[in-house]
Amino acid sequence: MSVSKIVSIFVFVLCAAGAFWGSYMYFKAQELETAAARLTLYRSTVEAELRNFSHMPFLLSQDPVVMETLEGGDPARLSHRLARFAQSAGVDAIYLMNHEGLTISASNARAQSSFVGQNYGFRPYFQAALRGELGEFYGVGATTGIPGYFFAMAVRPENGQNKGVVAIKVDLSELQDSWEASGEKIILSNADGVVILASDPKWRYRTLGPLTQNRRAKILEAQQFGHEPLEPLDWLHDLRSQTATLGGQRYLYLHTANLPNSWSLHFFTPDDQAAARAWLTTGTLVMLGGLIFIFYQLRHVRQIGAALAQSEQKESELRTANERLAIEIDERRVAEKNLKKTQADLERAGRLAALGQLASSVTHELGQPIAAMRNQLTAAEIGTGTTVLTTKMQGLVARMEDITRQLKFFSRKGRDQFEVVDLSDVIDAALDLVEPSIIAIAADLHFERPSKKVSLYGNRLRLEQVITNLVRNALDAVEETNERRIDIRLDDNAGKTWFEVVDTGHGLGGRTMNDLREPFATTRESGKGMGLGLTISAGIVADHGGILTAQERTGGGAVFRATFQTTDESNEL
């Protein structure tokens, strides 16, 4: 082999290695960008979960029944009251302790593992509350052995002679279960570096770094983690390269310490997708180089063939080379098709990452006001008792929480909480929500109610959301027109169930349904919409096995129709 060929091969190998490394770093950056969006969403979820009940101990400390109990009132009466509060608020337990830490009333007073009679004066949250602070603490329950997050607030009656502490315990197991179900690798650690929640249960109560003897003694004194040995976690991480090895497996690694109580959230994602895409890109480039090499080789063969036209052997070799070239060209087309598909997947991943960041921002901004509304309603019930108004307001707050919970897991697919629903009832419920908007613009809305029941197997709340989004879009479309008419039709025939919203507005403007369902695509004025309504609606309809279509209405306006396959479950209503 000549020196020039050896040099050519060496240069080719170097170029291939450079192409692989460059493409790997590019795809790694893409994976880290997506991981950062997921980490932001999980951080907002943890923060909202911790702060959802932070105002509740203060409200309970002002309850007159709590104060009466500290002054010698009937503890059983308060226990019954706390049980109702705990069930309504969705917390694990509420309990009242005297100034020595002895529990005198609890929401679980009738349970076998009752807190009544237990002394929790050694707990840090009790000691912090006695100092006039809001006590916060995560640990394993000393009585139940079940971990939870504790809030505590001091109670001082008007005479100032007695003093006690009211505390609540919040169960975070649902948060951890959702992590485990997602299939992603997530770890939440406290300020000491002890893993308190993790997507893999075997990582819990492991330490991310060494604990001093003094810290171990304080943790043991507070009985924070029961009798757990707090052994080190089998992991190594490199913050510069943003990689980590966990349990012998390599991951891309991101973390954030921007959480209450100096907690840290750690997110691990495999880098095999980045490596696979890098290999695919490198292979494509190598194939292109090979094609170029073959091209020049074929030119050389043609020159030889022209010089030895009468040689049948050379002619046969040329035909063989041509056939090989045809095969290589087909392979190149396949490779180019795969590359285009990969590029399309990357563009969609970018859009989903932006949508995840938007969902994270919305849930973060709405979480606190909704929690405050629920606490204010709870305070109203404590002060004046339950009324029809507060009950209805509690239902509206619960609906808002359900909607923000859907935003938290915007990308999750599934058939959870599906049931057979009457679509007429669903449309009525949606129209109740938008009735103020209908009245505000004096729209003429007609619901052509079918003479028979039209049912569908699906999620009632999400179907209401589709109707609400379509009607609101129609209201926006007809607001500036002379004829403000909206028709809603519903029927099932030929094995299909459908409903449609028809308006006399400005129409689709030449756009197709694919254009309209793109995230952030909107025809509204700036500040009047974010372009997510049809994106969410089309996704919900698709989750129910249906399709959402849009077309121009004859005479002006638009028709949006959702069509579903009629199933056996739908006929069971």
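In case you missed it, the structure is sitting above this.
Below, the structure is looked at part by part.

Thresholds, definitions, all that
Residues numbered from 1 in each chain as written. Predicted model: local features only at pLDDT ≥ 70, side-chain atom pairs only at ≥ 80, totals over all residues. Heavy atoms only, no water. Helix = DSSP H or I, 4+ residues; strand = E, 2+ residues; numbered from the N terminus. Buried < 20%, exposed > 50% of the residue type's maximum accessible area, 1.4 Å probe, protein only. Contact = heavy atoms within 4.5 Å. Areas by Shrake-Rupley, 256 points an atom, 1.4 Å probe, with all protein chains shown as cover. Patch = residues over 30% accessible without salt bridge, like charges linked within 9 Å, V, L, I, M, F, W, Y side chains within 5 Å. Salt bridge = Lys/Arg side-chain N within 4 Å of Asp/Glu carboxyl O. Axes fitted to C-alpha atoms, helices over the stretch in contact; angles between N-to-C directions. Left-handed = near helix turned anticlockwise from the far one by under 90°. Nonpolar A, V, L, I, M, F, W, Y, C, P; charged D, E, K, R; others polar. Pairing = 2+ DSSP bridges. Polar contact = N/O pair within 3.5 Å; in protein donor to acceptor, adjacent residues only side chain to side chain. Phe/Tyr/Trp six-rings, centres within 6.5 Å; stacked < 30°, edge-to-face > 60°. Lys NZ or Arg CZ within 6 Å of the ring centre and 35° of its normal.

**A few points about the overall build of the chain**
Looking only at helices and strands, the chain has 14 helices and 18 strands in total. A total of 573 residues make up the chain; the buried ones form 43% of that total. For the chain, the share of sequence-separated contacts (at least 6 apart) that also reach a separation of at least 24 residues comes to 61%. Accessible surface computed for the chain: about 30500 Å², of which carbon and sulfur atoms make up 53%.

**Re a nonpolar patch on the surface**
Residues Val3, Val7, Phe10, Val11 and Leu14 make up a contiguous nonpolar surface patch of about 480 Å² in total accessible area. The topology assignment puts Phe10 in helix H1 (residues 3-51).

**Focus: the packing of helix H12 (residues 460-478) against helix H14 (residues 533-543)**
Angle between the axes and distance between the axes: these two values describe a pair of packed helices. Two elements in contact, H12 and H14, have axes whose closest approach is 9 Å; the angle formed by their N-to-C orientations is 145 degrees. Where H12 crosses over H14, the two elements pack in a sense that is left-handed. Within the contact between the two elements, H12 uses Arg462, Gln465, Val466, Asn469, Leu470 and Asn473 and H14 uses Gly533, Leu534, Ile536, Ser537, Ile540, Val541 and Asp543. Grouping the amino acids of the contact of H12 with H14 by side-chain chemistry returns six nonpolar, five polar and two charged.

**A closer look at unusual backbone geometry**
Within the chain, Gln242 stands out as a residue other than glycine whose phi angle is a positive 55 degrees. The residue Gln242 is located in the loop between strand E8 (235-238) and strand E9 (243-246) in this model. With relative accessibility at 29%, the residue Gln242 sits in the partly exposed group. Not every positive phi belongs to a glycine, and Ala494 is a case in point at roughly 55 degrees. Looking at the element boundaries, Ala494 is found in the loop between strand E15 (485-493) and strand E16 (496-503).

**Brief notes about the sheet that holds strand E18 (residues 558-565)**
Taking strand neighbours across the sheet as the criterion, the five strands line up as E13-E15-E16-E18-E17 in an open arrangement whose pairing is mixed. Among the strands making up the open sheet, the edge pair consists of strand E13 (444-448) and strand E17 (547-552). Going from strand to strand, the sheet's axes swing by 15 degrees on average, the running direction of each strand aside. Relative to E16, E15 is paired through eight bridges, and the arrangement is antiparallel. Its bridge partner lying in E16, Arg489 is registered against Glu500. Across the face of the sheet, helix H11 (residues 423-440) comes into contact with E13, E15 and E16 while running at roughly 175 degrees to E13. In the packing of H14 onto the sheet, the strands contacted are E17 and E18, and the crossing angle to E17 comes to about 130 degrees.

**A look at the side chain of Ser537**
The residue Ser537 is located in helix H14 in this model. For Ser537, a relative accessible area of 0% puts it in the buried group. Separated by 3.0 Å, the side chains of Ser537 and Asn469 make a polar contact.

**Description of the environment of Asp74**
Within the fold, Asp74 resides in the loop between helix H3 (64-70) and helix H4 (75-89). By relative accessible area, Asp74 is classed as partly exposed at 48%. Sequence-wise, Asp74 and Ile104 are 30 residues apart; in three dimensions their C-alpha atoms are separated by 9.7 Å. Looking at Asp74, its side chain comes within polar contact range of the main-chain nitrogen of Ala76, at 3.2 Å.

**Focus: the packing of aromatic side chains**
Here the structure, examined in full by the defined rule, presents 18 aromatic pairs. Measuring from ring centre to ring centre gives 5.7 Å for Trp235 and Tyr253, while their planes differ by 70 degrees; the resulting arrangement is edge-to-face. Of this pair, Trp235 sits in strand E8 while Tyr253 sits in strand E10 (residues 249-256), placing them 18 residues apart in sequence. For Trp235, a relative accessible area of 10% puts it in the buried group. Measuring from centroid to centroid gives 6.2 Å for Trp235 and Phe268, while their planes differ by 80 degrees, and the two rings are edge-to-face. Taken together, the residues span a long stretch of sequence, with Trp235 in strand E8 and Phe268 in strand E11 (residues 264-269) at a distance of 33 residues. Classification of Phe268 as buried rests on a relative accessible area of 2%. An aromatic cluster of at least three residues, connected via ring pairs, comprises Tyr138, Tyr149, Phe151 and Trp263. We note Arg561 situated over the ring of Trp498; from NZ or CZ to the ring centre the distance is 3.8 Å.

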